[in-house]
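# Structural overview
If you want the building blocks of each chain, they are given just below.
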Amino acid sequence: MADKTFTLIDNANNRSMELPVRQGTQGPPTIEISSLYKELGVFTYDPGFMSTASCKSAITYIDGEAGVLEYRGYPIEQLAEQSHFLEVVYLLLYGELPAPAEMENFEGIITHHTMIKEKLKDLFNGFHYDAHPMAIMTGVVGSLSAFYHDSLDIHNPQHREISAHRLIAKMPTIAAASYKHSKGEAFIYPRNDMSFAANFLHMMFATPCEEYVPDPVAVKALDILLILHADHEQNASTSTVRLAGSSHANPFACIAAGIASLWGPAHGGANEAVIDMLEMIGDVSQVPKYVAMAKDKNDPFRLMGFGHRVYKNYDPRARIVRKVCHEVLASTCHAGSPMMELALKLEEIALQDEYFIERKLYPNVDFYSGIIYRALGIPNNMFTVMFAIARSVGWIAHWTEMIADPHQLIGRPRQVYEGAPKRDYVPVDKRRKS
Ligand code: CMC
């Protein structure tokens, strides 16, 4: 029994129940309700999981009211400033920062799994040249399960580990190949002598006939963006991966489900939608008009890159991205870019507006990330793919955590049925015309 209990009183039926209250290492107390139906014959209803924890996890902690994000206890600001992406990947997967030899070994493993099977190229060729790269990613990542039969026993910890390594290492290769396919250009093989971020830029922008030397500022900016997007606890795509995985589906199929969920404009598609929105606004003079539209309940327009289900404060990632954005624009001769001016003005006006203040709507991580990607030469339809490369780390860390849990259950929500009550079938010739 938990230390504390919560007493549920059902006045209508003159009964009560003691529910255990769980306390995590941080965060609010949580009332455990799993025995409610068995004991009292009632369900709980919480669409959108506004107050419901779907699992226990030791990976990432968020305090949305305070604007705090920690990976395995380490503040995101410290990791963005002092760490690098592959070290953060190790931390998320294994729970601790690596010792120097562990880091070297891990970097070697990831670097040597970046190649994709030659046969996979045929799959890319099956896609039309103008296919959205996220559509290609969903299909190609899902297909990895057809290539690695040697490591798909989800109950074997070594198989789970090698699947995680393969996924993380191959995501940039598949992402860059999706881009090259859309351009009708040759795929570029990965380079083992480059860092994770530099290698990705190389696979995106090199051609077989010309050497490409990644700009160190671009490499650093990309590395930070990868760190910031690597995990965000039980968001829609991670919850999708967990739910798909709860049936013991193979990891690549589960990650493909996560990619599909990420694609939506309310989630990972927002960075692309922010740029579309800034282009639509077009000029600083138009900002008040669009802010008014965002506030108008009869207008479906929303300020993309604003608001968050969990953060009711400035998204800590957005603060870091905003700074990186200034640095990248300055170094890539885009300083004073009209798009950045527009974004800053929009942020300034919205943050002073009663509508946004009352609802605690602040810029989120996607508000400035698209501007950085654009300055790095990454096209709009690749923005969500960039998010997917980073988030694949969180997805596979959560999937691994879930499968390793001896108490793991298949996810099976209940519902409030609002359809027709029981009725008898009527043969077609006896049905009334409506
Ligand atoms: N512009 C204008 N009004 C907004 C916005 C916005 N971007 N976001 C929320 N609101 C209003 C909303 O209309 C509602 O008003 P009212 O209380 O009067 O009905 C109130 O704020 C609460 O909004 P909600 O939709 O109930 O909040 P939610 O937690 O369900 O949605 C959200 C969160 C992120 C889906 C939403 O804020 C949104 O659509 N933002 C724009 C899309 C976006 O930037 N998404 C990226 C999220 S961060 C990256 C990631 O995690 O994937």
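Structure's up top.
An account of the accompanying structure is given in this report.

Here is what the cut-offs are and how they apply
- Residues numbered from 1 in each chain as written.
- Predicted model: local features only at pLDDT ≥ 70, side-chain atom pairs only at ≥ 80, totals over all residues.
- Heavy atoms only, no water.
- Patch = residues over 30% accessible without salt bridge, like charges linked within 9 Å, V, L, I, M, F, W, Y side chains within 5 Å.
- Areas by Shrake-Rupley, 256 points an atom, 1.4 Å probe, with all protein chains shown as cover.
- Salt bridge = Lys/Arg side-chain N within 4 Å of Asp/Glu carboxyl O.
- Helix = DSSP H or I, 4+ residues; strand = E, 2+ residues; numbered from the N terminus.
- Buried < 20%, exposed > 50% of the residue type's maximum accessible area, 1.4 Å probe, protein only.
- Core = buried A, V, L, I, M, F, W, Y, C linked by side-chain atoms within 4.5 Å.
- Contact = heavy atoms within 4.5 Å.
- Near = heavy atom within 4 Å.
- Polar contact = N/O pair within 3.5 Å; in protein donor to acceptor, adjacent residues only side chain to side chain.
- Nonpolar A, V, L, I, M, F, W, Y, C, P; charged D, E, K, R; others polar.
- Pairing = 2+ DSSP bridges.

We now examine a nonpolar patch on the surface. A contiguous nonpolar surface patch, about 220 Å² in accessible area, is contributed by Phe6, Ile31 and Ile33. Counting through the fold element by element, Phe6 comes out in strand β1 (residues 4–10). Owing to a relative accessible area of 37%, Phe6 belongs among the partly exposed residues under this scheme.

Now for the nonpolar core. Counting 118 residues, the largest nonpolar core has Tyr71 and Ile371 as its most contacted members. Every residue in contact with Tyr71, bar those within four places of it in the chain, is listed here: Ile59, Thr60, Ile76, Leu79, Val88, Leu91, Leu92, Ile227, Leu228, His229, Ala230 and Asp231.

Here the focus is the site of the ligand. In the vicinity of the ligand lie 21 residues, with His267, Arg302, Leu303, Gly305 and Arg309 positioned nearest. Contact distances for the ligand include 2.8 Å between an oxygen atom and a side-chain N or O atom of Arg302. Arg309 is positioned with one of its side-chain polar atoms (N or O) 2.8 Å from an oxygen atom of the ligand. Taken by itself the ligand offers 930 Å² of open surface, and the protein chains cover 75% of this. Residue composition of the shell around the ligand, grouped by class: 10 nonpolar, 6 polar and 5 charged.

Now for the sheet that holds β1. Backbone hydrogen bonds are what pair the strands of a sheet, in a parallel or an antiparallel way. One open sheet holds the 3 strands; their spatial order is β1-β2-β3, and the pairing between them is antiparallel. Where the open sheet ends on each side, the last strands, each with one partner, are β1 and β3 (30–31). Both β1 and strand β2 (residues 15–22) contribute to a ladder of 7 bridges, which runs antiparallel. Opposite Lys4, over in β2, you have Val21 as the bridge partner.

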